[in-house]
Amino acid sequence: MARFIIALTIVVVTVITRISCCDVVKLTFPSGFSLGTASASYQVEGAWNVSDKGVNVWDYHTHNRPELISDGRNGDVACNSYYKYQEDVALIKKIGFDFYRFSISWSRVLPTGFANVISEDGLQYYKNLTAELVANGIEPVVTIYHWDHPKVIEDMGGWTNELIVGWFVDYAEILFEALGDSVKRWITINEPDSFCNGGYNGVRKAPAKQIPASIGKYLCGHNVLKAHAKTFRLYDEKFRETQGGEVGIVLPLKAYLPFNASYEEEAETAFQFNCGWMAHPIYHGDYPDVMKTRVALVSEYQGYPWSRLPEFSDEWIAIINGTNDYFGVNHYTSELVYPDPDEEQGIYTYDNGLLTTVDSSWAASASDWLYVNPSGFGYLLRKIRDEYNNPPVWVTENGYSDSGELDDYNRISYYYEYVREMLIAIKRDGCNVEGYAVWSILDNFEWQDGYEKRFGITYVEFDDADTNRTAKLSQTWWTKVLSKRKLQSVPTSTNTRTRLPWKK
Ligand code: GBH
């Protein structure tokens, strides 16, 4: 009998624990949680040469090196959002999002690249878009820079020239002045790792400069940190008191998981090279120790008389330290990390000394870099909580690519699983996530993948002059999620509408 009672107690306790666990992670959004959707100027606007707009690096890159874009296409027209912004806003409202994250095209606002000429038309477009959002009760979240800087600045070295810091701050100041009464959440720079690596250490992103041995990449990151910090300081000095907004940077973060239990330290190193590269200087002052020692070591091995990772003066460390009002995270996927076996033979190929792979159980997407591993999202959010003293986090992008299916069950299940992980991280683990954005509201120009990889919850007919939009099933699903403020189950696949043969 005693045994039976003990057994019964165990069962009851287990059930209660389970229930309270599930209660904690009921799939509702916390009150005050902000749900939005995102885009970027070059990916959606089109209108690449209207009015007095200047040429930016992506105009130049796609026009001059179409062979570097998988379908040879460009953002000249894209989604036509320059002309269709009212339709876009109406759609965002209909779906029920709280905020819209869009970016500003530097060369549309400053045709010469510099602050000597401000394009009235260019600025007016962003004033109109912002006003339209506000009038419809949608919060504007503005990215100052999402990869499309003026070509003239690239002619002078772009992000590898420290003078860009001043030019960037001039540009940001014009935006704070023009839009800051309505815009309360600013993102200085989107994903330094992506354009510094893709653009100055390879050819996947503009300006496609293959500067050897990550020298260009690290220099780019160095100047990004300075530009971000100076912009933050400017906001503090001139705008914060009257405008009362928040300023942060957005980092592209993968979850780096140990390939097996003995590679915890390697996973930590991968995290520091990815997230810590930008976040450590911003939250703790200076680059992570492991980055400094590893890059110095490999640089020496390669015969450089100095480390390819630049150094900050004490002055710059102080300027950069503490310049994030919130932590912006773009998250899509995970990787498994293990040590490069060559290093045992004394051969140093990679600054971080690591190789990565993916688990064969992770579902694929249309993008070669995106595999589905929802638990990585929770892992990453807890890591940020622990590493940076639980800062307020805004997930500024999360999404899944396919080739344009209208009944996009894979996308719905991706969102369900990933958002569920996020809700658990918030409710069970106390991660301070305040907002989340769906990438993307529309199919759009996917950089080196052209129009072939689609991330939208809305289908866009790029071959039609009207660039018509059609709801995908995931759009309908998000509409329901937003109206209930609760995750909805994933519909099971019945008949599948494949991508449209568009009817004119
Ligand atoms: C985001 O980057 C971008 O902010 C957004 O503009 C884009 O549309 C969206 O993702 C979907 O791609 O070239 O093989 O070295 C996501 C993070 C980081 C993913 C760079 C692709 C390049 C892999 N990206 N990464 S590779």
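Throughout what follows, the structure given in this document is the object of discussion. These numbers were taken from a predicted model, which means no experiment stands behind them.

Overview of the overall build of the protein
On a plain count of helices and strands, the protein comes out with 16 helices and 15 strands. Its C-alpha atoms give the protein a radius of gyration of 23 Å, within 12% of the compact-globule value 23 Å for 504 residues. In terms of its C-alpha atoms, the protein occupies a principal-axis envelope of roughly 90 × 60 × 50 Å. Looking at the protein residue by residue over its 504 residues, the buried ones come to 57%. Of the contacts made within the protein by residues no fewer than 6 positions apart, 77% connect residues no fewer than 24 positions apart. Accessible surface, the protein as shown: approximately 20,100 Å² in total, 52% of it carbon and sulfur. Considering the protein, the positive charge centre built from 47 side chains and the negative charge centre built from 66 side chains are found 7 Å apart.

Quick word on the sheet that holds strand 8 (residues 334-339)
As summarised here, the arrangement of the three strands in space is 6-8-9, forming an open sheet in which the pairing is mixed. The two strands at the open ends of the sheet, each matched to only one other strand, are strand 6 (255-258) and strand 9 (354-357). Across the sheet, the mean angle from the axis of one strand to that of its neighbour is 40 degrees, orientation sign disregarded. Here four bridges tie strand 8 to strand 9, and the two strands are oriented antiparallel to one another.

So, the state of the cysteines
Linking two cysteines covalently through their sulfur atoms gives a disulfide. Considering all chains together, one arrives at one disulfide under this definition. Here Cys 196 pairs with Cys 220 through a disulfide, and the sulfurs are 2.0 Å apart. Across the disulfide from Cys 196 to Cys 220, rotation about the S-S bond amounts to roughly -65 degrees, and the bridge is consequently left-handed. With Cys 196 in helix 9 (residues 192-200) and Cys 220 in helix 10 (residues 215-243), the pair connects residues that are 24 residues apart, well separated along the chain. Given a relative accessible area of 0%, Cys 196 falls into the buried group. Relative accessible area serves as the criterion here: at 0%, Cys 220 is assigned to the buried category. Here Cys 431 is not cross-linked by a disulfide; its sulfur's nearest cysteine counterpart is in Cys 275, at 13 Å.

A few points about the nonpolar core
Among the nonpolar cores identified, the biggest contains 138 residues, and Trp 159, Trp 186, Phe 327, Met 422, Tyr 436 and Trp 478 are the most heavily contacted of them. The element contributing the most residues to this core is helix 8 (residues 164-179), with eleven residues. Apart from the residues lying within four places of it in its own chain, the contact partners of Met 422 are Phe 29, Phe 33, Phe 377, Leu 381, Val 395, Val 433 and Tyr 436.

Things to note about the site of the ligand
Taken together, 16 residues lie around the ligand, and Gln 43, Glu 191, Arg 204, Glu 397 and Glu 446 are the ones closest in. Here an oxygen atom of the ligand and a side-chain polar atom of Asn 190 are 3.0 Å apart. Arg 204 places a polar side-chain atom, nitrogen or oxygen, 2.3 Å from an oxygen atom of the ligand. Protein chains shield 83% of the accessible area of the ligand, which is 580 Å² for the free molecule. In terms of residue class, the shell around the ligand is built from six nonpolar, six polar and four charged.

The rules we used
Residues numbered from 1 in each chain as written. Predicted model: local features only at pLDDT ≥ 70, side-chain atom pairs only at ≥ 80, totals over all residues. Heavy atoms only, no water. Helix = DSSP H or I, 4+ residues; strand = E, 2+ residues; numbered from the N terminus. Rg over C-alpha atoms; globule rule 2.2 N^0.38 Å. Buried < 20%, exposed > 50% of the residue type's maximum accessible area, 1.4 Å probe, protein only. Contact = heavy atoms within 4.5 Å. Areas by Shrake-Rupley, 256 points an atom, 1.4 Å probe, with all protein chains shown as cover. Lys, Arg positive; Asp, Glu negative; His and termini not counted. Charge placed at Lys NZ, Arg CZ, Asp CG, Glu CD. Pairing = 2+ DSSP bridges. Axes fitted to C-alpha atoms, helices over the stretch in contact; angles between N-to-C directions. Disulfide = S-S within 2.5 Å. Core = buried A, V, L, I, M, F, W, Y, C linked by side-chain atoms within 4.5 Å. Near = heavy atom within 4 Å. Polar contact = N/O pair within 3.5 Å; in protein donor to acceptor, adjacent residues only side chain to side chain. Nonpolar A, V, L, I, M, F, W, Y, C, P; charged D, E, K, R; others polar.

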